[in-house]
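# Analysis of the macromolecular model
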Amino acid sequence: MNNASSKVRAVYEALEMRKNKQALKLLVPLLEKKPTNAQLRILKALALIRLGRKDEALKLSRELKTLADVETDVSLLNNLAIVFREAGAPSEATECFVSALNRQPNNEELALCVFQSYGRERNFLKQQQLAQKLHKQFGNPCYVLWSIVSTTLQVLEGAPPKLLVLAERQMSKRADEGKLATYEELQLYLEILERQEKYTEALAVVEGECGALYTSAVERKQRQAVLLCSLERWDDARGTYQALLGLNEGQVKGREEWSHVRGVIHCAMQARGIKPVPNLPLGGSIGGSAGAGTGGPQAGVGAEDWAWVAEQGGKLVTWLIDQQEQEGVKTRTPYLAEVELLTHLALLKGEPPAGPTVSQALDAIRRYFAAFGGKDACAYDLAVPLSRLPPATRLPLAASLEPLAEDPEGAASDGGSPAFERACTRAANLAKLQRMLGCMDGWGAPRAIAEVRAQIGAVAACAARISRTDGFPADRTPADDNCLVGARILLDLYRADGDEKWLYEAAMVARYGLQVSPTNFQFKLLLMRILRLLGAWDMYHDVFVQLDIKHILWDTLSYLILPAAWGWAAAGKAKQACESLVRLERDNRKDTPEYAFQAFKYGTYSKVSELIRFENRLNSSLQLASARGDLVALALLENLATPADAKAFMLSMGGLPCFFVSADAADKLADNRDHTVEVTCDSMDVPTAAEREPARAAELRLQAQISAAGPYVLAATLGAATPAEVPSRPELVTLLHDLLARVGWISEGPGGTVALLKVLPPGPSPVNPAGGAVRVYSDGVQPDSYLCRLSWAACLLLAL
């Protein structure tokens, strides 16, 4: 390697390591020797754009794209395209490739670059047209499939479904001619049919010769069962699920797949006009009403229909148990199937607490706990079924479970016994179930404290006796949930009387649990909730950092940090969280087209639509829209010393990027917060986080609109440029005024003046024992944000 090439390599390495100033410095002597070298000038433009010198970078790049040696070199074009993409001008990158392709129309490599550029612009129509042209020009049959996939992406983006008719005909022709050759092509064909709700045709494809393209017999049968359900052919669907129960493949046993078992039960119910209650995703969130679907007594079902469903379900359970006995293996599936069947029937029949089906369901639950109370999943498995039973059965059921959790052999006292962990887990599951069933509701302080001591004692005894391998991190113990229950009881006492001493006690219990089980993130979530109530921001943030939030978790879990950071005026931490979320979107926007093109290239067509759906989910994120507005708010707060400073700041940004959120756009934003991560074990009379969140999500949408409108009001007032699609200044002022009034941040004062309402000092006030009207959401504090209200109300006051 000569000296010049080694210096160029040093520039590439500096850019890869994001040392952009160093790269620019290394380029100076190289450009002095070769001022017209296109490669070096492109590298300079890339360094400039990454240093924030956008105008200089774009000017240089626009000069370069007209050079003949750039237009004929695919490598240089790709590098120049990177500059345009990072500058937010992907269309100019496309123009470079299109211009080069016009000069070299037979260059297939350039044509693929154009196809990829259209994908970056999400111009799927042009992708489709180019793929058709490539097929005619080069004769590669894969380009036909590229054209079909591009058509499906257009429909995914909102184009009329009738576009799929032609795609369906093309795929049908390929199938008839025997050209449907891969599993991915089959999935593409089925996706086209299902999007048009042509389930009969899709079922014929799965059951026909093309179905042989499935590499898994189980997956083929599962798809068949789903399509039969879509056609409401319940008897056929039940038969298919029953066939799946006897179909084993590799390590998977068909009768142990819960979707197969539940499919048989639900199809039997549907066949007799009984609509099962849907189970909402439970995930790790256990507590409150446990995410159970809504449902109640169903009228118009005859006694013989109820009896037939119960008989069919009983036969299924008996068969599952017989199969297990033949193999000498005992698993949860048949017992849980019995619980699922009987609790469903008890709910839908509307039986009283003493009804025969309710009694059978309670017996099934007891049998399940007796057999599997020593497994971690026991309480989670029973959470939804328990919510279907009459409330009057809860306390008697809890009392009847206590003898089943006794440890007559003393296994819990012997850390070396194989039964030790099962005994400890059984006691922890009993505590969780008792709390969910309402046994701990309304306890006074003496009884609650005694129970907390008992729970902590169970944890200490388990931790002292459990055997762990030396040199490995301390894993969770079987008694971890006892500690969680104890801390939750103390939180109940705080909510009852507002005495902060219970918060300190709860924090100590949670800290002890984290010390015993450092890898159990549930203790971190619980401790964060307690510290937020105490107003201990520094400690709160330290625990949040330990969660090590990364990647997509910033979208689903940013609610753990952002409201708290705003509430405590921790602007720097709020900025870090917002930047992490915006960076996630920016990186995904950059990477998705690359991954999608690779999926096209290697024929994994199902991944293309999967990637686009993920990008759509992120682009429509309510949390992302709020974070963008918050970043502008923070920037304005840093530069709002005088109107002149604010105007200079906005002009230095080249005007504001368009992130305006209209009312219609706000309604389409998806609330991606994940409230299923925290285990609460709350009583079933307490609403779940999901049930409490609609009001919070509605206010978040208003705040996103405020965050988007506020900067434009200020920009228009100061004379800074705003995008053409943003409303005029009078419309913006009226909009911001209405939004601030709707969330209760301002009111009309004397003579039409605007008054800022309820400006609270930073800090939490989530509980009002006196019973005042205080809005409290699952993120632990009032939604009102002092800094947000102050900044946007200031924009409005300045505009008026």
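In this report, we go over the structure that sits alongside the text.

About the thresholds
Residues numbered from 1 in each chain as written. Predicted model: local features only at pLDDT ≥ 70, side-chain atom pairs only at ≥ 80, totals over all residues. Heavy atoms only, no water. Helix = DSSP H or I, 4+ residues; strand = E, 2+ residues; numbered from the N terminus. Buried < 20%, exposed > 50% of the residue type's maximum accessible area, 1.4 Å probe, protein only. Contact = heavy atoms within 4.5 Å. Areas by Shrake-Rupley, 256 points an atom, 1.4 Å probe, with all protein chains shown as cover. Polar contact = N/O pair within 3.5 Å; in protein donor to acceptor, adjacent residues only side chain to side chain. Patch = residues over 30% accessible without salt bridge, like charges linked within 9 Å, V, L, I, M, F, W, Y side chains within 5 Å. Salt bridge = Lys/Arg side-chain N within 4 Å of Asp/Glu carboxyl O. Lys, Arg positive; Asp, Glu negative; His and termini not counted. Charge placed at Lys NZ, Arg CZ, Asp CG, Glu CD. Core = buried A, V, L, I, M, F, W, Y, C linked by side-chain atoms within 4.5 Å. Expected span 1.5 Å × (residues − 1). Axes fitted to C-alpha atoms, helices over the stretch in contact; angles between N-to-C directions. Parallel < 35°, antiparallel > 145°, perpendicular 65-115°, else oblique. Left-handed = near helix turned anticlockwise from the far one by under 90°. Nonpolar A, V, L, I, M, F, W, Y, C, P; charged D, E, K, R; others polar.

### Side note on the overall build of the chain
In terms of regular secondary structure, the chain is built from 37 helices and two strands. Among the 800 residues that make up the chain, the fraction classed as buried is 50%. When contacts within the chain are restricted to residue pairs at least 6 apart in sequence, long-range pairs at least 24 apart make up 67% of them. When the accessible surface of the chain is totalled, it reaches about 36,400 Å², and 53% of it is carbon and sulfur.

### Examining the side chain of Glu 168
Among the secondary structure elements, Glu 168 is positioned in helix α11 (residues 163-176). In terms of polar contacts, Glu 168 uses its side chain to reach the side chain of Gln 196, at 3.1 Å. There is a polar contact of 2.7 Å between the side chain of Glu 168 and the side chain of Lys 198.

### Considerations on a positive patch on the surface
Residues Arg 18, Arg 583, Arg 586 and Lys 590 make up a contiguous surface patch of positive charge. Within the secondary structure, Arg 586 sits in helix α30 (residues 571-602).

### Things to note about the nonpolar core
With 108 residues, the main nonpolar core has Trp 146, Ile 148 and Met 171 as its most contacted residues. The element that contributes the greatest number of residues to this core is helix α3 (residues 38-50), accounting for nine residues. Within the second largest apolar cluster, 65 residues are counted, among which are Met 440, Val 509, Leu 557 and Ile 561.

### Considering helix α17 (residues 303-327)
Two residues of an α-helix separated by three or four positions point the same way, owing to the 3.6 residues in each turn. The first and last C-alpha atoms of α17 sit 37 Å apart over 25 residues, in line with the 36 Å expected at 1.5 Å per residue. Turning to α17, its buried residues are Asp 305, Trp 306, Trp 308, Val 309, Gln 312, Gly 313, Leu 316, Val 317, Leu 320, Gln 323 and Gln 324. Positive phi shows up at Gly 328, right after α17, with a value of about 70 degrees.

### Remarks on the packing of helix α10 (residues 142-156) against α30
For any two helices packed against each other, the geometry comes down to the angle between their axes and how far apart the axes lie. At their nearest, the axes of α10 and α30 sit 10 Å apart, and the two run at 140 degrees to each other. When the axes of α10 and α30 are compared, the pair comes out oblique. α30 is crossed by α10, and the crossing has right-handed handedness. Residues Trp 146, Val 149, Ser 150 and Leu 153 of α10 lie in contact with α30, whose contacting residues are Phe 597, Phe 600 and Lys 601. For the contact of α10 with α30, the per-class residue count stands at five nonpolar, one polar and one charged.

### Topic: the environment of Val 317
In this structure, Val 317 sits in helix α17. On the basis of relative accessible area, Val 317 is assigned to the buried category, the value being 9%. Taking the C-alpha atoms as reference points, Val 317 and Leu 336, separated by 19 residues in sequence, lie 9.2 Å from one another. Sequence-distant contacts of Val 317, defined by excluding residues within four places in its chain, comprise Pro 334, Ala 337 and Glu 338.

### What about unusual backbone geometry?
At Glu 232, a position not held by glycine, the phi torsion is positive, near 60 degrees. Relative to the helices and strands, Glu 232 is located in the loop between α14 (217-230) and α15 (234-245). In this structure, Asp 548 takes a positive phi of about 55 degrees despite not being glycine. In this structure, Asp 548 sits in the loop between α27 (537-546) and α28 (553-557).

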